[in-house]
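Each chain, written out:
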Amino acid sequence: MVTTGALGALALADFRERRRRPAYLVVLLGTLALGLLAAPVGDSRWQVFQVSDFHGRYTSGYVGTVTALGGAVWLSLAGFGITRGTIGRDERSGVGQILAATPLSRLAYLAGKFLSNLMVLGSMLLALAGTALAVQLIKGDSDRVDVVRLLLPYVLITLPLLAAVAACAVLFDTVPGLRDGFGALVWFVVWLVGVLGAQAGGGYDLLGMHRITASIREAIAAGGHPADTVEFGVGLTADNRVLGTFDWPGLGPGEAGGLAADAGLLVAVAVALGLVGAMWFHRFDRAAARAGGSLPASRLPWPFRPFRPFRPSDLSRPSRPSRPSRPGEPAPDAGRRPSADSPAFVLDPARMTPARPGGTVLAALVGELRILVQGKRLWWAGALTLALLAAAVPPDGPTHPVLPFAMLWPVLLWSRMGNRADGGSIDDLLAACPSPARRLLAGLLAGVVLALAVAAVPITRLLAAGHTRAVAAALAGVLLVPALALLCGTVTRGPRLFQSLYPMLWYGMINHLAGLDFLGVTPDHGPTPIAVATTAAALTLGALALDSIREATR
Amino acid sequence: MCPSATAGSMAGMKTLRIHDLTKEYRGGKRAVDSFSLTLRPGVLGLLGANGAGKSSLMRILATVTRPTSGQVLWEGTDIARRPGPLRRTVGYLPQDFGVYPQLTAREFLGYLAAAKGLRRRSAKARIDELLDLVNLSGSSRQRLGAMSGGMRQRVGIAQALLNDPRLLIVDEPTVGLDPEERLRFGNLLTGLGAERIVILSTHIVSDVAATADRIAVMGGGRLLHHDTPEGLLRAAEGRVWELTVEPGQLPLLRSRFLLGGTTRTPQGVRVRILSGERPAPQAEPAEPRLDDAYLLLSSAPAAPAAPAAPAVKEAMAW
């Protein structure tokens, strides 16, 4: 029987481990930036909570609500990215096998993971609440700090939602096929439907929008303004209009009853979701996982097959039965004693072909490209489908409708750039090799080649239709996305940041958010191709600079 | 190899000079402490307990990490400031290394050959030959993710030899190899050491005994001793004893002496005692082995220098 204390210790250790990772810092900084965007102190055009033609005075309740809503939207996507993967990490590091030999039950282990996920997200929420308070005090619209109204939306809206996110992260860690990058894409769709549904009339009100908007409408009407036509929305936008103001004290304890009931329901669902994962979790026993009916990872079709880094613990594990890769090929010698006719280490290395220096960028490019695409047959099938679709569909005005989707398809492959997460501890092998900058640039080129491979047909069709500016914009996008992937991978040394960031960027682009239109899908409104290409160059230089700094301080 | 770094020109010789090298990690943990040594072609066996600083030293020598202070000169060039020349000619096999599980052994070696800056044609020929050398030719198309630990270790050895290294650094290279492979690999290192500098770190003293022509013993990040195997054995002469005792007397012996090993015999337990003085009147002097010499060196502070206490002498006087 595991005590509450043991569960807490497990969760706390896991939380500490993740809190010290760069990705945590990146998402935390993003959360704090979001707080400042949601309730800007100066004359920013950016908004996170839109009330058409109006913005509220910075009371504790208003600042608390807009930052809590922004935090809910941001952390349910970016926060999910940094919370999932912890069970896989335990398996890779061997900690899981140690825990499996303790009295800790499956449910207790998953509960610990759920709690630690919640701690990660909760700690960011706490920082966001602190930012909200600071913003209110700095802005000075209202000197009265009402802690209850400031924190109420955090406690009753955002925290329960993040509990659901924490539980889903556990679930995605256990369900075969959702553990890797494909899970990130599935979550993006879930998130999109959830966030859009929360703001639409018919969807489940995850964000408590009905109660908040009704209360704000009353406040606007009390100020003598027509409130019926006022529209609300949550999401990052920029608006140039001069807005009127309204005075809203925020949600008070009297309005908390319904929210508390919803919160309770959401937390109950979250706990159930997290524990459902126990159906697929076999205490790091692969044999049990197979006997339990789920397919072994090696037999799962891509993209359901997780990347499997080499673990030093493999050295002591019996080799799995292997088979020749091709008919007629000699059987691999796993576990075989060397025989007299085929012994190892009997040749004379001095009589081998001399090693001649003079490798080219092309050779490095081929190597990096191979690492990105090797074994991804289904990915190629998808790319071919998109190419055929692009060939069949004509350009829609000065853009091609397939182009954005083609530029989303390689997101998982691009996320492997700038990091060696799927190569285990391969860094030490490469660190002893010359020309790290050349290797990094070869990696970038491999990403660009990949982008060209998926975007070639739409770009060719645009070129044939004479849309040269659209072609230039698309080519600039082809440079930008791999550069972004390279920088994200270099900063965090993992794929998660890009997997979380790029879909958001793509979502902004496809929704014609002018500043984010890196592919030119909104003609004459987005940044120029030169600006996009310059940004790509800046991102590349950033990655190179970071790599150089790491090299100098290794 | 000579025991310490001294001034003087060594132009024209393949030398690796380690001078007053220190590596301090965050929190003040000193993994390598004022380590000095000059290496020339030959096999240097690096021995030390866990945490002695062997892997940190090897990571510095392979340019994976920088020293906090001190210098490593490869043919006169400081490898911390200009790692390029050494990286073009070093072969490094870390203790734990990763592979891309989707790649085959041939593709993985091809990738690392490109990373090491080898010409394509030369790399291709060497990869074929190295796969033969490590007896993986028949598995060269098998994905690394489907290989056993021992097979991947052999891939690791092959990658370390890709660029025909002048300096070969191998950290626990025999993990996962069977006894026969270990033996042959030792012979391979000995052959390579004829013209190259080979640094071999291992816990298995017998591997070093069979392979190295110099041995460096590390403890607490420092170089405790550096000598030939013969020199180490000479230093242990007169300090190794054998004695047969009742099993019940072992705990007492352990508390008083450094034991080099025990063997069960019909007469009792035959104990190898490492001591400067005869531990008991019945104790017989024994021929030192390299394990004994290493234990005496690495446990120097704990080894008893004073004669055995009277109570012990009494206990031994049966």
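## Re the overall build of chain A
Now for step 1: A tally of helices and strands in chain A yields 20 helices and four strands.
Now for step 2: Within chain A, the fraction of its 554 residues that count as buried is 49%.
Now for step 3: In chain A, the proportion of contacts linking residues at least 24 apart, taken out of those at least 6 apart, comes to 79%.
Now for step 4: Here chain A displays about 24100 Å² of accessible surface, and carbon together with sulfur accounts for 66% of that area.

## A short note on the sheet that holds strand 10 (residues 222–227) of chain B
Residues and elements named next belong to chain B.
Now for step 1: The strand order 6-7-8-3-9-10 describes an open sheet built from six strands, whose pairing is mixed. Taken across any chain shown, the strands that pair with only one partner, and hence form the sheet edges, are strand 6 (90–93) and strand 10. When strand polarity is set aside, the average angle formed by the axes of neighbouring strands in this sheet is 15°.
Now for step 2: As judged from the five bridges shared by strand 7 (residues 167–171) and strand 8 (residues 197–201), these two strands associate in the parallel manner. From the neighbouring strand, Ile169 faces strand 8, where its bridge partner is Ile199.

## Describing the pairing of strand 12 (residues 258–265) of chain B
Residues and elements named next belong to chain B.
Now for step 1: Bridging between strand 12 and strand 13 (residues 268–274) involves seven bridges; their strand directions are antiparallel. Within strand 13, the residue paired with Thr263 across the bridge is Arg270.
Now for step 2: As consecutive antiparallel partners, strand 12 and strand 13 are separated by two residues.

## Digging into the packing of aromatic side chains
Residues and elements named next belong to chain A.
Now for step 1: One pass over the structure, following the stated rule, counts 14 aromatic pairs over all chains.
Now for step 2: Here Phe80 and Phe172 contribute two aromatic rings whose centre-to-centre distance is 5.2 Å and whose plane-to-plane angle is 85°, an arrangement assigned as edge-to-face. You can see Phe80 sitting in helix 3 (residues 60–83) and its partner Phe172 sitting in helix 7 (residues 147–174), a full 92 residues away along the chain. There is no split in this pair, since Phe80 and Phe172 are both buried.
Now for step 3: Each member of the aromatic cluster is reached from another via a ring pair, and the members are Trp414, Phe498, Tyr502 and Phe518.
Now for step 4: The ring of Tyr58 has Lys139 lying over it, and the distance from NZ or CZ to the ring centre is 5.0 Å.

## What about the packing of helix 13 (residues 377–392) of chain A against helix 17 (residues 436–464) of chain A?
All names here are of chain A.
Now for step 1: Orientation of helix 13 relative to helix 17, taken along the N-to-C sense of each, is 10°, at an axis distance of 8 Å. When the axis of helix 13 is compared with that of helix 17, the two are roughly parallel. Relative to helix 17, helix 13 is oriented so that their crossing is right-handed. Contact with helix 13, carried on its side by Trp379, Ala383, Ala387, Ala390, Ala391 and Ala392, involves Leu450, Val454, Val457, Pro458 and Arg461 of helix 17 and no other residues of that element.
Now for step 2: Residues belonging to the contact of helix 13 with helix 17 are distributed by class as follows: 10 nonpolar, no polar and one charged.

## Description of the nonpolar core
Note on soluble globular proteins: their nonpolar side chains tend to be buried together.
Now for step 1: In this structure, Phe49, Val51, Leu207 and Ile216 of chain A are the most contacted members of the largest nonpolar core, which totals 87 residues.
Now for step 2: Ranked by the residues each element gives to this core, the list is headed by helix 7 of chain A, at 17 residues.
Now for step 3: Leave out the neighbours within four places in its chain, and Val51 of chain A touches Ile216, Ile220, Val230, Glu231, Phe232 and Phe246 of chain A.
Now for step 4: The next biggest cluster of nonpolar side chains, apart from the first, holds 63 residues, and it includes Ile371 of chain A together with Leu112, Leu168 and Leu192 of chain B.

## Observations concerning the pattern of salt bridges
Now for step 1: Summed over all chains, the structure comprises 25 salt bridges over all chains.
Now for step 2: Lys113 of chain A is the salt-bridge partner of Asp14 of chain A, the closest N and O atoms lying 2.9 Å from each other. Note that Asp14 of chain A is positioned in helix 1 (residues 4–19) and Lys113 of chain A in helix 6 (residues 106–139), a separation of 99 residues in sequence. Of the two residues, Asp14 of chain A and Lys113 of chain A, neither departs from the other in class, the shared state being buried.
Now for step 3: A salt bridge links Arg272 of chain B to Asp292 of chain B; the nearest nitrogen and oxygen atoms lie 2.7 Å apart. Here Arg272 of chain B is found in strand 13, whereas its partner Asp292 of chain B is found in helix 10 (residues 290–298), with 20 residues between them in sequence. Just as Arg272 of chain B is buried, Asp292 of chain B falls in that class too.
Now for step 4: Through salt bridges with shared partners, a single ionic network connects Glu242, Arg270, Arg272, Glu284 and Asp292 of chain B.

## Re helix 9 (residues 209–222) of chain A
Now for step 1: With 14 residues, helix 9 of chain A ought to run about 20 Å at 1.5 Å a step, and its terminal C-alpha atoms sit 20 Å apart, in line with that.
Now for step 2: Following helix 9 of chain A by one or two positions, Gly224 of chain A adopts a phi angle in the positive range, close to 85°.

## Description of the confidence of the model for chain A
Interpreting fine coordinate detail is not advised for predicted regions of low pLDDT.
Now for step 1: The predicted model of chain A has a mean per-residue pLDDT of 80, with 84% of residues at 70 or higher.
Now for step 2: A low-confidence stretch, residues 291–341 of chain A (pLDDT under 50), is modelled with 98 contacts involving residues beyond four sequence positions or located in other chains.

What counts and what doesn't
- Residues numbered from 1 in each chain as written.
- Chains lettered and ligands numbered in written order.
- Predicted model: local features only at pLDDT ≥ 70, side-chain atom pairs only at ≥ 80, totals over all residues.
- Heavy atoms only, no water.
- Helix = DSSP H or I, 4+ residues; strand = E, 2+ residues; numbered from the N terminus.
- Buried < 20%, exposed > 50% of the residue type's maximum accessible area, 1.4 Å probe, protein only.
- Contact = heavy atoms within 4.5 Å.
- Areas by Shrake-Rupley, 256 points an atom, 1.4 Å probe, with all protein chains shown as cover.
- Pairing = 2+ DSSP bridges.
- Axes fitted to C-alpha atoms, helices over the stretch in contact; angles between N-to-C directions.
- Phe/Tyr/Trp six-rings, centres within 6.5 Å; stacked < 30°, edge-to-face > 60°.
- Lys NZ or Arg CZ within 6 Å of the ring centre and 35° of its normal.
- Parallel < 35°, antiparallel > 145°, perpendicular 65-115°, else oblique.
- Left-handed = near helix turned anticlockwise from the far one by under 90°.
- Nonpolar A, V, L, I, M, F, W, Y, C, P; charged D, E, K, R; others polar.
- Core = buried A, V, L, I, M, F, W, Y, C linked by side-chain atoms within 4.5 Å.
- Salt bridge = Lys/Arg side-chain N within 4 Å of Asp/Glu carboxyl O.
- Expected span 1.5 Å × (residues − 1).
- pLDDT = per-residue confidence, 0-100.

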